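Residues per chain, in single letters:
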There are 2 protein chains.
Amino acid sequence: MEKSIPDIVVGRLPRYLRSLEYMLKNGIKTTSSQELGESIGISAAQIRKDLSQFGEFGKQGTGYSVRYLVDQLQSILHVNQSWDLVLVGVGDLGTALATYQGFVNRGFHIVLAFDNDPAKTGKKIGDVTILGMDQMETKIAESGAKIAMLSVPASAAQEVAEKLIKSGIRAILNYAPMQLILPGDIHVEYLDPITKLQHMTYYLG
Amino acid sequence: MEKSIPDIVVGRLPRYLRSLEYMLKNGIKTTSSQELGESIGISAAQIRKDLSQFGEFGKQGTGYSVRYLVDQLQSILHVNQSWDLVLVGVGDLGTALATYQGFVNRGFHIVLAFDNDPAKTGKKIGDVTILGMDQMETKIAESGAKIAMLSVPASAAQEVAEKLIKSGIRAILNYAPMQLILPGDIHVEYLDPITKLQHMTYYLG
DNA sequence: TAGATTGTTAATCGATTAACAATC
DNA sequence: TAGATTGTTAATCGATTAACAATC
């Protein structure tokens with residue numbers, strides 16, 4: 001019988017990690033829940049509570065070793081390894097994603113790219129050659145990739161997502177302005193700017 | 001004494017609106033909390049509860065008029081008007097944002113773009129000419145724009161954000177991989193893919 | 001040692017779900 | 001009318017905060 005960690009807690013860990021990596025890069029050896037909290041706008045109590053879900057990483061009186069906590073969080077999040085990404089939809093946004101260095105820097109490598117425009121297939125984008133959608137299922141299955149970035153039009157997103165899952169994809173970073181209805185064991189994160197803008201305009205009167 | 005609506009409820013309204021607009025486009029005249037909920041993976045009870053924060057929009061026995069509810073939600077979210085956007089940072093991602101038609105379609109218009117690279121200033125991107133950062137504060141203040149999209153490197157994000165606020169910006173769509181620490185009356189939404197990917201890799205073992 | 005800070009428990013707060021009278 | 005579905009209240013569930021003994 002395993003304890004299940006709330007998803008909302010897992011979602012905060014990457015933010016802790018980012019701030020701690022920043023400290024590490026700047027030579028800060030030790031921090032406290034208080035200091036870490038101030039750097040990202042979260043209460044010290046919440047940070048201690050969140051971390052306690054995974055173990056005991058600090059020392060009373062002195063706080064946390066930055067290096068040790070970075071190592072632990074990387075391990076918990078499984079980012080102490082390289083991950084293969086699949087890109088579907090190579091429009092303006094897809095092109096920007098394919099050439100964005102931030103992915104590689106954090107161990108995320110685009111290994112396949114697909115587009116349904118015949119004018120694009122065969123061309124290179126970043127390190128990979130754009131393939132047609134007809135090759136999607138077999139190529140992804142071959143690659144063993146588990147994560148896809150979806151930057152197709154909203155009208156195609158649901159259908160493409162279902163094909164991705166058949167190909168073995170288990171997590172989707174969805175840039176399409178479309179809510180996906182998928183099995184519960186598939187992880188989807190949404191990066192649609194319109195929804196976020198409309199959320200903010202509420203407050204702008 | 002006004003009742004304050006929870007932010008988490010406000011955040012769901014754009015999703016309701018999107019699904020309802022889709023129904024409207026497809027000629028669906030009436031819907032129920034049940035049907036709407038199934039289309040976006042939210043319980044019927046929650047939808048009714050959320051909507052009840054803003055008024056009574058339905059009819060017992062028949063449900064909601066799609067057109068009426070769309071109108072109401074657009075009005076609540078203030079998206080029945082045009083909004084001016086400012087773009088700061090015109091790299092690959094910024095370029096993709098500037099040319100993305102999805103913004104214009106929803107009434108969001110980029111009216112100013114800034115970059116600190118002298119090689120870029122003076123060039124056109126989308127409908128606007130890229131200006132240098134030195135012109136940022138005055139031009140934004142002149143324009144009266146209230147929303148900015150931030151796609152600068154993480155190292156510059158906090159500083160640029162503070163300048164934006166001085167210029168009159170009150171909401172920031174942050175693409176930089178960096179948590180911003182800003183006054184409480186400034187609204188920030190985060191669209192950083194790395195944090196989302198690291199959230200998902202937790203579950204991929 | 002004295003001061004600082006953890007990990008954890010209990011208290012509080014807020015969000016979601018269930019249930020149902022009202023009524024179209 | 002009978003069936004369907006709302007808006008709302010009460011019950012449940014989960015997340016955050018406060019407090020503090022333990023201890024470095």
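A brief report on the enclosed structure follows.

Definitions and cut-offs
Residues numbered from 1 in each chain as written. Chains lettered and ligands numbered in written order. Predicted model: local features only at pLDDT ≥ 70, side-chain atom pairs only at ≥ 80, totals over all residues. Heavy atoms only, no water. Contact = heavy atoms within 4.5 Å. Buried area = accessible area lost by both parts, 1.4 Å probe. Salt bridge = Lys/Arg side-chain N within 4 Å of Asp/Glu carboxyl O. Helix = DSSP H or I, 4+ residues; strand = E, 2+ residues; numbered from the N terminus. Nonpolar A, V, L, I, M, F, W, Y, C, P; charged D, E, K, R; others polar. Near = heavy atom within 4 Å. Polar contact = N/O pair within 3.5 Å; in protein donor to acceptor, adjacent residues only side chain to side chain. Pairing = 2+ DSSP bridges. Axes fitted to C-alpha atoms, helices over the stretch in contact; angles between N-to-C directions. Least-squares fit on C-alpha atoms with pLDDT ≥ 70 in both. Buried < 20%, exposed > 50% of the residue type's maximum accessible area, 1.4 Å probe, protein only.

### A word on the interface of chain B and chain A
Phase 1: Between chain B and chain A, the contact holds 58 residues from the first and 58 residues from the second.
Phase 2: Around 5600 Å² of area is buried between chain B and chain A when both sides are counted, 68% of it from carbon and sulfur atoms.
Phase 3: Counting across the interface, chain B meets chain A through four salt bridges.
Phase 4: A salt bridge links A:Glu189 to B:Lys196, with the shortest nitrogen-to-oxygen separation between them at 3.8 Å.
Phase 5: Examining the composition of the side of chain B that touches chain A, we find that eleven residues originate from one element, helix α9 (residues 193-203) of chain B, more than from any other.
Phase 6: For the side of chain B that touches chain A, the per-class residue count stands at 34 nonpolar, 13 polar and eleven charged.

### Observations regarding the protein's contact with DNA strand C
Phase 1: Close to DNA strand C lie 25 residues; A:Ser33, A:Arg48, A:Phe57, A:Gly58 and A:Tyr64 are nearest.
Phase 2: Counted by atom, the contact set of DNA strand C within 4 Å of the protein is 63% sugar and phosphate.
Phase 3: Between B:Ser43 and DNA strand C, the recorded distance is 3.2 Å, taken from a side-chain N or O atom to a phosphate oxygen.
Phase 4: Interatomic distance of 3.3 Å between a backbone N/O atom of B:Gln60 and a base oxygen of DNA strand C.

### Topic: the protein's contact with DNA strand D
Phase 1: The environment of DNA strand D is made up of 25 residues, and the closest members are B:Ser33, B:Arg48, B:Phe57, B:Gly58 and B:Tyr64.
Phase 2: What you see for DNA strand D is that sugar and phosphate hold 64% of its atoms within 4 Å of the protein.
Phase 3: Here a base nitrogen of DNA strand D and a side-chain polar atom of A:Arg48 are 3.2 Å apart.
Phase 4: One of the backbone nitrogen or oxygen atoms of A:Gln60 is found 3.3 Å away from a base oxygen of DNA strand D.

### A short note on the sheet that holds strand β6 (residues 124-125) of chain A
Residue and element names in this part refer to chain A.
Phase 1: Read from one edge to the other, the open sheet built from seven strands follows the order β6-β7-β5-β4-β8-β9-β10, with strand pairing classed as mixed. Looking at the sheet topology across the chains shown, the edges are occupied by β6 and β10 (187-190).
Phase 2: Direction of pairing for strand β9 (residues 171-174) relative to β10: parallel, over a ladder of four bridges. Paired with asparagine 174 across the strands is tyrosine 190, a residue of β10.
Phase 3: Of the strands in this sheet, β4 (83-88), β8 (147-150) and β9 touch helix α8 (residues 154-166), which is tilted by about 165° from β8.

### Some words on the relation of the copies chain B and chain A
Phase 1: Screw-axis analysis of chain B against chain A gives a translation of 0.0 Å along the axis, an RMSD of 0.0 Å, and a rotation angle of 180°. A rotation of that kind, with that shift, is consistent with a two-fold axis. No C-alpha of chain B approaches the rotation axis more nearly than that of B:Leu191, which lies at 2.9 Å.
Phase 2: Here 100% of the interface residues in chain B have copies in chain A that are interface residues too; the copies meet face to matching face.

### Quick word on the pattern of salt bridges
As a working rule, side chains carrying opposite charge can pair if their charged atoms are close by.
Phase 1: Using the criterion set out here, one finds ten salt bridges over all chains in the structure.
Phase 2: The salt bridge partner of A:Arg18 is B:Asp192, with a shortest N-O separation of 2.7 Å. Remark: B:Asp192 occurs in the loop between β10 (187-190) and α9 and A:Arg18 occurs in helix α1 (residues 7-25); the pair is interchain, linking two chains. Comparing A:Arg18 with B:Asp192, the two get one shared label, buried.
Phase 3: Notably, a salt bridge pairs B:Glu21 with B:Arg106, separated by 2.3 Å at the nearest N-O pair. With a gap of 85 residues between them, B:Glu21 in helix α1 (residues 7-25) and B:Arg106 in the loop between α6 (101-105) and β5 (108-114) connect regions that are remote in the sequence.

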